[in-house]
Amino acid sequence: MMLNSLCTINHTFIEPRCCTNESEWKSNDSNSVALKKFKKDSVYIDKTGKLRNFNHKKLSRKSCGSLRGRGWKFGSGFVDGIFPVLSPTALQILDYLQKEDDTERIWSSLDKLPPSLDAWDDVLTVSVQLRIRKKWDSIISICKWILLRSSFKPDVICYNLLIDAFGQKFLYKEAESIYLQLHEARCIPNEDTYALLIKAYCMSGKLQNAEAVFAEMRNYGLPSSAVVYNAYINGLMKGRNFDKAEEIFLRMKRDGCKLSTESYTILINLYGKAGKSYMALKVFDEMLNQKCKPNICTYTALVNAFAREGLCEKAEEMFEQMQEAGLEPDVYAYNALMEAYRLLLGDGFPYGAAEIFSLMQHMGCEPDRASYNILVDAYGKAGLQDDAEAVFEDMKRVGITPTMKSHMVLLSAYSKMGNVSKCEDILNQMCKSGLKLDTFVLNSMLNLYGRLGQFGKMEEVLTVIEKGSYVVDISTFNILMHRYGQAGFIEKMEELFRLLVAKGLKPDVVTWTSRIGAYSKKKLYLKCLEIFEEMIDAGCYPDGGTAKVLLAACSNEDQIEQVTNVIRTMHKDMKTVLPVA
């Protein structure tokens, strides 16, 4: 459908969807609490049928949560959390771009726009909306049309949008090319341009290039502001280069750059993802001491940091502090708290996650796809696959389309219970839904078949992977080697190990540990030490799993003492290897 043939838009007002359920909830007799001591609207019944109440002082009843800073951060003039209002024409453009993926047809349609200021505003606001929705390909199409075919003169915002889009797709060379085009067009880069280019380099692991941009900024006399440092740290974090990100943060402080709320929030996120919640809390305390006011993203990052380690009480404490600070929890905050219960004690506490899910609905905050995925996974980890599927079906009933991840958490639930037929049904359902299976999904089936000793089916899946357009990664070989090794098929395991070089794959710590583990099961201590030496010589650093399998290979106290001495030095530089004696 071309833009000029679109009908006039009918403005439809949609009322908030009520949280209804087909079955009526009733309180248990054992929990028949007198309602007189609660305010009437303070009482609700959770999904387990228990009567509960909430504290009005801690929970605001303002519906829909609060806006998060998901707007365009760099250079556009749009304030975080304040989204641009789309005109009817802009809405048509946005709708068209989300349906069409052919660049030539997109450009032909955009050619019909009048060369007016209103059209320019529409194109820019649509680009911002596309960025919010992470539609990087569409941003590239519309911005390249501006550069190559339109009568509009591109400004720095257009170039910045393109640099950001290419950076998000890990196409640092393309981002670099746009930066050079910006100079050739005699357009002056701003600090946001440098920030986005640095971030693009960091996400692609090109740290030397990022440092070069920093130096270029100084040559132009531009100070490295919080915006640039934040982008640098954020890019390093997304590239999972946590140590370097921490180093840049310390440099930021040394340079006397004033830390913003976003700076502290990024570092809290960094420590949370690195499994260092105690450091995240330390940064938060420093933030408060510096009179820097936390926002909802800061508190959510803290809740997430504790949630990842299954520290429910600390996650709840930060959630309450958020509310006491006058901030309305949004769906991201509720999801973070649900995540804490999902990860509690390894297999999680699904009823805690379900209670948060129910409370979120009661407070007028609509659960999103991630909310349902977390709840499905929480039930699945606890072995409650029927409950997991019920939530999965409920997600579809309310109009949320399950993604690959949604199917994967349901697949994991049935895989945990060894229900092969159900897992195969889910795979068929994914194909019927138009979802393209990837290596991760097929690896999961490999693992399931191997765990149940169905090696014939495991070989069939491997054939599908090798003959299809799937990328065989090191995880595929790790699963195969582990399953064959644990079943005692040592020769088959070693054959797979020798194939790694031909496949261009480098063994990682899991590969080596799986190989050691196969011999450890047979108590072949000397062979385990021999492979351990190979592992160290190959420059692969052992972890706790390696220590476990080495100890399992020991048959006497001398061997245990020898392995223990190595384990004690695991977190130091290992310049020597175990003597085979």
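Residues numbered from 1 in each chain as written. Predicted model: local features only at pLDDT ≥ 70, side-chain atom pairs only at ≥ 80, totals over all residues. Heavy atoms only, no water.

1. Structural notes on the overall build of the protein
Link 1 in the chain: Assigned secondary structure in the protein consists of 28 helices and two strands.
Link 2 in the chain: Counting across all 581 residues of the protein, residues that qualify as buried make up 48%.
Link 3 in the chain: Partitioning the intrachain contacts of the protein with sequence separation of at least 6 by distance along the chain shows that 61% fall at a separation of at least 24. (Helix = DSSP H or I, 4+ residues; strand = E, 2+ residues; numbered from the N terminus. Buried < 20%, exposed > 50% of the residue type's maximum accessible area, 1.4 Å probe, protein only. Contact = heavy atoms within 4.5 Å.)

2. Considerations on helix α28 (residues 557-568)
Link 1 in the chain: Look at α28: 16 Å from first C-alpha to last across 12 residues, which is about the 16 Å you get at 1.5 Å a residue.
Link 2 in the chain: Residues of α28 that are buried include every one of Q559, V563 and V566, and no others. Down the axis of α28, the buried side of the element spans an arc of 55°, and every buried residue falls inside it. The outward face of α28, more than 90 degrees from its buried face, is lined by the exposed residues E557, D558 and R568.
Link 3 in the chain: Buried residues belonging to α28 abut α26 (525-537) and α27 (544-552).
Link 4 in the chain: With a side-chain oxygen lying 3.1 Å from the backbone nitrogen of D558, the N-terminal cap of α28 falls on N556. (Expected span 1.5 Å × (residues − 1). Arc of directions from axis to C-beta. Polar contact = N/O pair within 3.5 Å; in protein donor to acceptor, adjacent residues only side chain to side chain.)

3. With respect to the packing of helix α9 (residues 226-238) against helix α11 (residues 261-273)
Link 1 in the chain: Remark: α9 packs on α11, axes separated minimally by 10 Å, with the N-to-C direction vectors making an angle of 15°. One way to sum up the angle between α9 and α11 is to call them roughly parallel. Where α9 crosses over α11, the handedness of that crossing is left-handed. Within the contact between the two elements, α9 uses A226, N230, I233, N234 and M237 and α11 uses E262, S263, I266, N269, L270 and K273.
Link 2 in the chain: Grouping the amino acids of the contact of α9 with α11 by side-chain chemistry returns five nonpolar, four polar and two charged. (Axes fitted to C-alpha atoms, helices over the stretch in contact; angles between N-to-C directions. Parallel < 35°, antiparallel > 145°, perpendicular 65-115°, else oblique. Left-handed = near helix turned anticlockwise from the far one by under 90°. Nonpolar A, V, L, I, M, F, W, Y, C, P; charged D, E, K, R; others polar.)

4. Let's talk about the pattern of salt bridges
Link 1 in the chain: On inspection of all chains with the given rule, the structure shows 22 salt bridges.
Link 2 in the chain: When the shortest N-O distance is used, the salt bridge between K422 and E389 registers 3.1 Å. Of this pair, K422 sits in helix α20 (residues 420-432) while E389 sits in helix α18 (residues 385-397), placing them 33 residues apart in sequence.
Link 3 in the chain: For K492, the salt bridge identified is with E459, shortest N-O distance 3.8 Å. Of this pair, K492 sits in helix α24 (residues 490-502) while E459 sits in helix α22 (residues 455-467), and the two are 33 residues apart along the sequence.
Link 4 in the chain: A relative accessible area of 28% places E459 in the partly exposed class.
Link 5 in the chain: When salt bridges that share partners are traced, they join E211, K244, E247 and R251 into one network. (Salt bridge = Lys/Arg side-chain N within 4 Å of Asp/Glu carboxyl O.)

5. A word on the packing of aromatic side chains
Link 1 in the chain: Scanning all chains against the criterion turns up 13 aromatic pairs.
Link 2 in the chain: Aromatic pair F319 and Y334: ring centres 5.4 Å apart, planes at 55°, arrangement tilted. With F319 in helix α14 (residues 312-324) and Y334 in helix α15 (residues 331-343), this residue pair connects regions lying 15 residues apart in the sequence. An identical accessibility class is assigned to F319 and Y334; each is buried.
Link 3 in the chain: In textbook terms, an aromatic cluster arises when at least three aromatic residues are bridged by ring pairs, as seen for W120, W145 and F152.
Link 4 in the chain: The ring of F497 is capped by R515, whose NZ or CZ atom sits 4.3 Å from the centre of that ring. (Phe/Tyr/Trp six-rings, centres within 6.5 Å; stacked < 30°, edge-to-face > 60°. Lys NZ or Arg CZ within 6 Å of the ring centre and 35° of its normal.)

6. Observations concerning helix α10 (residues 242-254)
Link 1 in the chain: The first and last C-alpha atoms of α10 sit 19 Å apart over 13 residues, in line with the 18 Å expected at 1.5 Å per residue.
Link 2 in the chain: Within α10, burial applies to F242, K244, A245, I248, F249, R251 and M252.
Link 3 in the chain: Elements that come into contact with the buried residues of α10 comprise α8 (207-219), α9 and α11.
Link 4 in the chain: Phi for G256, located one or two positions after α10, is positive at around 75°.

7. Here's the deal with the packing of α11 against helix α13 (residues 296-308)
Relative orientation and spacing of two packed helices are given, respectively, by the angle between their axes and the distance between those axes.
Link 1 in the chain: Viewed as axis vectors pointing N to C, α11 and α13 meet at an angle of 10°, and their least axial separation amounts to 8 Å. Relative to α13, the element α11 lies roughly parallel. Where α11 approaches α13, its residues T261, T265, I268, N269, G272 and K273 are matched on the opposing element by C297, T298, A301, L302, A305 and R308.
Link 2 in the chain: Here the residues of the contact of α11 with α13 are counted per class, giving five nonpolar, five polar and two charged.

8. As for the environment of K396
Link 1 in the chain: Mapping K396 onto the fold places it in helix α18.
Link 2 in the chain: Apart from the residues lying within four places of it in its own chain, the contact partners of K396 are P402 and Q429.

9. Focus on the state of the cysteines
Link 1 in the chain: Tallied over the entire structure, the rule returns zero disulfides.
Link 2 in the chain: Take C158: it sits in no disulfide, and the sulfur closest to it among the cysteines is that of C143, at 4.2 Å.
Link 3 in the chain: Under the relative-accessibility criterion, C158 is labelled buried at 0%. (Disulfide = S-S within 2.5 Å.)

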